[in-house]
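A structural walkthrough
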Amino acid sequence: QVQLVESGGRLVQAGGSLRLSCAASGRTFSSYGMGWLRQAPGKEREFVGGISRRGGYTNYADSVKGRFTISRDNAKNTLYLQMNSLKPEDTAIYYCAVNIRDNNYYAGRSEADFGSWGQGTQVTVSS
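Residues numbered from 1 in each chain as written. Predicted model: local features only at pLDDT ≥ 70, side-chain atom pairs only at ≥ 80, totals over all residues. Heavy atoms only, no water.

A look at the state of the cysteines
Two cysteines, two sulfur atoms, one covalent bond between them: this is a disulfide. Tallied over the entire structure, the rule returns one disulfide. Between the sulfur of C22 and that of C96 lies a disulfide, 1.9 Å long from S to S. An S-S torsion of about 45 degrees defines the bridge between C22 and C96 as right-handed. Here C22, found in strand β3 (residues 18–25), pairs with C96, found in strand β9 (residues 92–99); they are 74 residues apart in sequence, far enough to count as distant. The pair C22 / C96 is uniform in exposure class, with both members buried. (Disulfide = S-S within 2.5 Å. Helix = DSSP H or I, 4+ residues; strand = E, 2+ residues; numbered from the N terminus. Buried < 20%, exposed > 50% of the residue type's maximum accessible area, 1.4 Å probe, protein only.)

So, the packing of aromatic side chains
Applying the stated criterion to the full structure yields three aromatic pairs. With 6.0 Å between their ring centres and 80 degrees between their planes, F29 and Y32 make a pair best called edge-to-face. Like F29, the residue Y32 is buried in the burial classification. For the pair Y57 and Y105, a centre-to-centre distance of 5.7 Å together with 75 degrees between the ring planes defines the contact as edge-to-face. On the criterion of sequence distance, the pair formed by Y57 in the loop between β5 (46–51) and β6 (58–60) and Y105 in the loop between β9 and β10 (114–115) is long-range, its members being 48 residues apart. Over the aromatic face of Y95 sits the side chain of R45, whose NZ or CZ is 4.6 Å from the ring centroid. (Phe/Tyr/Trp six-rings, centres within 6.5 Å; stacked < 30°, edge-to-face > 60°. Lys NZ or Arg CZ within 6 Å of the ring centre and 35° of its normal.)

Remarks on the sheet that holds strand β1 (residues 3–7)
Hydrogen bonds along the backbone pair up the strands of a sheet, which may run parallel or antiparallel. Spatially, β1-β3-β8-β7 is the arrangement adopted by the four strands of the open sheet, whose pairing is antiparallel. Each edge of the open sheet is held by one strand with a lone partner, namely β1 and β7 (68–73). Taking each pair of neighbouring strands and ignoring which way they run, the sheet shows an average axis angle of 15 degrees. (Pairing = 2+ DSSP bridges. Axes fitted to C-alpha atoms, helices over the stretch in contact; angles between N-to-C directions.)

Following this line, the structure appears as structure tokens:
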């Protein structure tokens with residue numbers, strides 16, 4: 001079982017930047033791919049980005065491509081999401097999650113590829 005704790009969410013103005021962190025414990029962090037999901041009020045949880053076990057492969061939702069960057073530090077058991085040029089439509093609870101597909105090179109591409117997410121961190125972007 002893996003425990004995930006997200007942090008870094010807050011209120012920010014449109015155009016601003018945030019970096020989210022996700023601290024993992026309970027299993028060997030480098031043995032599985034990771035990702036970020038988000039859920040806006042009244043909407044279903046959606047895929048934001050994913051990264052393979054050693055960080056060599058990443059994938060992003062079209063809505064965040066070019067603005068968000070996912071990375072990981074396996075020595076620190078931590079996953080990151082750098083978010084730039086934030087928009088009001090990025091407002092959501094952001095969750096980090098474990099990639100449930102057993103593949104060294106697969107970064108994930110939908111919510112169905114992930115499980116065991118944390119409690120989430122709220123990101124609010126004001127216009």
